[in-house]
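# Residue-level structural notes
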Amino acid sequence: MKIGNLDLGHLPLFLAPMEDVTYKSFRYLCKKFGADVMSTEFVSADAIGKEMEATKRKMTIFDFDRPIAIQIYGSNIEAMVWAAKVAQEANPNYIDINFGCPMKKIAGKGCGAGLLKDLPKLVKMAGEIVKAVDLPVTAKTRLGWDFTDMPIIDLAERLQDVGIQSLTIHGRTRSQLFTGEADWALIGKVKANTRMKIPIVGNGDISSPEKAKAFADQSGVDGLMIGRGAIGRPWIFRDIRHYFNTGELLLPPFVPEVVESVKEQLIQSISWKPEPRGAILEMRRHFARYFPGLEDFREYRIQLLQATELEQVLAILDAIAVTYASVRVDYTNISLK
Ligand SMILES: Cc1cc2nc3c(=O)[nH]c(=O)nc-3n(C[C@H](O)[C@H](O)[C@H](O)COP(=O)(O)O)c2cc1C
């Protein structure tokens, strides 16, 4: 599939934008393990307008990142146009607009999925941004507001008509938040609409290579986007690609291999955070997800979540590698929640 002139190959695997997750250190590992396309965390148009330091850091693109989008969100069309221009200066490969975030603090203020309540404004915003920047512009959204209001087939056409170059669809409504199951059949209907020419990327609940294949086959989408399934398992991209190429499943990694990757993420984080403590805090949500299915792991988990110094964390990780030297992590019972 292509976004503008950017050729992403056949059925590219996207790392989903995730606030407080898809920062530099995590993107680094996902790229290493085969993510084809990445995105920054979403960035608020208002924060861009205020030139906040944290926002500039979020928009920093590294060489290893490419191809990558900067994702922006907001409710005011002029502010979003301005934000898109500033984001363009940071030189991503394209700009993605968030029309899907369901959180009250975002959607409740008319940003993200909140715009699904005002489709004329949503479409106008997309069109104005397309006109204002030279980079390709894409959008990410949900099926609609709730089960009584799912305009996605029509909305996809309208976004295409104003120049959006690719559309990612998370197969849930705003009201569902993360409950229920993603509806890949409806994503498939958008793709099957003969009026649609731009690529459609499917998103929602990809937690294994088999699911990736089943959803891709069912919907016929041009690309797959993986979010929660990559947290604690950045090699899911490699696993999926291997399964697509060979029909075989790779075995999960041994614990010491996982430990090496955790250390690598930690080092990346430290190299970019103003102080190591910030990197350790950043790693906490990941620690909990990196070691599934290990017997008697609870004590180590608590230690990892309580450690505040780098030396402590490294010592705990080394102890984990020794204790589980010949054990593989186990994804059999993982849940995306
Ligand atoms: C912690 C977290 C943060 C998220 N932040 C964003 C975001 O910044 N922008 C966005 O478009 N979606 C965001 N999402 C939604 C994901 O991109 C994705 O659409 C959703 O998780 C469904 O995909 P999955 O089932 O593969 O996780 C976030 C999801 C999670 C779990």
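Residues numbered from 1 in each chain as written. Predicted model: local features only at pLDDT ≥ 70, side-chain atom pairs only at ≥ 80, totals over all residues. Heavy atoms only, no water.

## Thoughts on the state of the cysteines
- All chains considered together, the criterion is met by zero disulfides.
- C101 takes part in no disulfide bond, and the closest cysteine sulfur to it belongs to C111, at a distance of 8.8 Å. (Disulfide = S-S within 2.5 Å.)

## A short note on helix α12 (residues 276-290)
- In this model α12 runs 20 Å from its N-terminal to its C-terminal C-alpha over 15 residues, within 8% of the 21 Å that 1.5 Å per residue would give.
- Its axis deflected by about 40° at R284, α12 carries its strongest bend there. (Helix = DSSP H or I, 4+ residues; strand = E, 2+ residues; numbered from the N terminus. Expected span 1.5 Å × (residues − 1). Bend = angle between axes of the 7 residues up to and from the residue.)

## A few points about the packing of aromatic side chains
- With the rule as written, the count across this model stands at eleven aromatic pairs.
- Ring geometry for F62 versus W272: centroids 5.0 Å apart, planes at 90°, classification edge-to-face. Taken as a pair, F62 in the loop between α3 (53-58) and β5 (68-73) and W272 in helix α11 (residues 255-272) lie far apart in primary sequence, 210 residues in all.
- Residue classification places F62 among the buried residues on the basis of a relative accessible area of 17%. (Phe/Tyr/Trp six-rings, centres within 6.5 Å; stacked < 30°, edge-to-face > 60°. Buried < 20%, exposed > 50% of the residue type's maximum accessible area, 1.4 Å probe, protein only.)

## Description of the packing of helix α9 (residues 209-219) against helix α10 (residues 236-246)
- Running from amino to carboxyl end, α9 crosses α10 at an angle of 60°, the nearest separation of the two axes being 8 Å. By the angle between their directions, the pair α9 and α10 is classed as oblique. Relative to α10, α9 is oriented so that their crossing is right-handed. Two secondary-structure elements touch here, α9 through P209, E210, A212 and K213 and α10 through D239, I240, Y243 and F244. (Axes fitted to C-alpha atoms, helices over the stretch in contact; angles between N-to-C directions. Parallel < 35°, antiparallel > 145°, perpendicular 65-115°, else oblique. Left-handed = near helix turned anticlockwise from the far one by under 90°. Contact = heavy atoms within 4.5 Å.)

## Remarks on the pairing of strand β6 (residues 94-99)
- Counting buried positions over the six residues of β6 gives six, a clear majority of the element.
- By the alternation rule, side chains of β6 split into Y94, D96 and N98 and I95, I97 and F99, which are all buried.

## Digging into the sheet that holds strand β4 (residues 38-44)
- The eight strands lie next to each other as β3-β10-β9-β8-β7-β6-β5-β4, forming an open sheet whose pairing is parallel. Pairing within the sheet leaves two strands with one partner each, and these edge strands are β3 (13-15) and β4. For this sheet the average axis-to-axis angle between neighbouring strands, irrespective of direction, equals 25°.
- Bridging between β3 and strand β10 (residues 223-226) involves three bridges; their strand directions are parallel. Residue pairing for β10: F14 is matched across the bridge by M225.
- The sheet contacts of helix α4 (residues 77-89) involve β5 and β6, and relative to β5 the element is tilted by about 155°. (Pairing = 2+ DSSP bridges.)

## A few points about the site of the ligand
- Every one of the 17 residues lining the ligand counts as a neighbour, but E19, Q71, N203, D205 and R228 are closest to it.
- Note that a nitrogen atom of the ligand is positioned 2.8 Å from one of the side-chain N or O atoms of Q71.
- Among the residues making up the shell around the ligand, the classes are represented as six nonpolar, six polar and five charged. (Near = heavy atom within 4 Å. Polar contact = N/O pair within 3.5 Å; in protein donor to acceptor, adjacent residues only side chain to side chain. Nonpolar A, V, L, I, M, F, W, Y, C, P; charged D, E, K, R; others polar.)

## Comments concerning the domain arrangement of the protein
- We note that the domain assignment places domain 1 (2-246) and domain 2 (255-323) within the protein.
- For domain 1 and domain 2, the distance between their C-alpha centres works out to 29 Å.
- Across the boundary between the two partners, domain 1 contributes 20 residues, which contact 15 residues of domain 2.
- Along the contact surface separating domain 1 from domain 2 lie one salt bridge. (Domains from an automatic or database assignment. Salt bridge = Lys/Arg side-chain N within 4 Å of Asp/Glu carboxyl O.)

## Observations concerning the pattern of salt bridges
- Counted under the stated rule, the structure contains 17 salt bridges.
- Across the pair D205 and R228 runs a salt bridge, and its minimum N-O distance is 3.2 Å. One end of the pair, D205, is in the loop between β9 (200-203) and α9; the other, R228, is in the loop between β10 and α10, with 23 residues separating them in the sequence.
- For R228, a relative accessible area of 16% translates into the label buried.

## Observations concerning the nonpolar core
- Counting 94 residues, the largest nonpolar core has I72, F291 and I320 as the members making the most contacts within it.
- The contact partners of I72, leaving out residues within four places of it in the chain, are V43, I48, M80, A83, A84, A87, I95, D96, I97, N98 and I129.
- L8, Y94, V201 and M225 belong to the second-largest nonpolar core, a separate cluster that totals ten residues. (Core = buried A, V, L, I, M, F, W, Y, C linked by side-chain atoms within 4.5 Å.)

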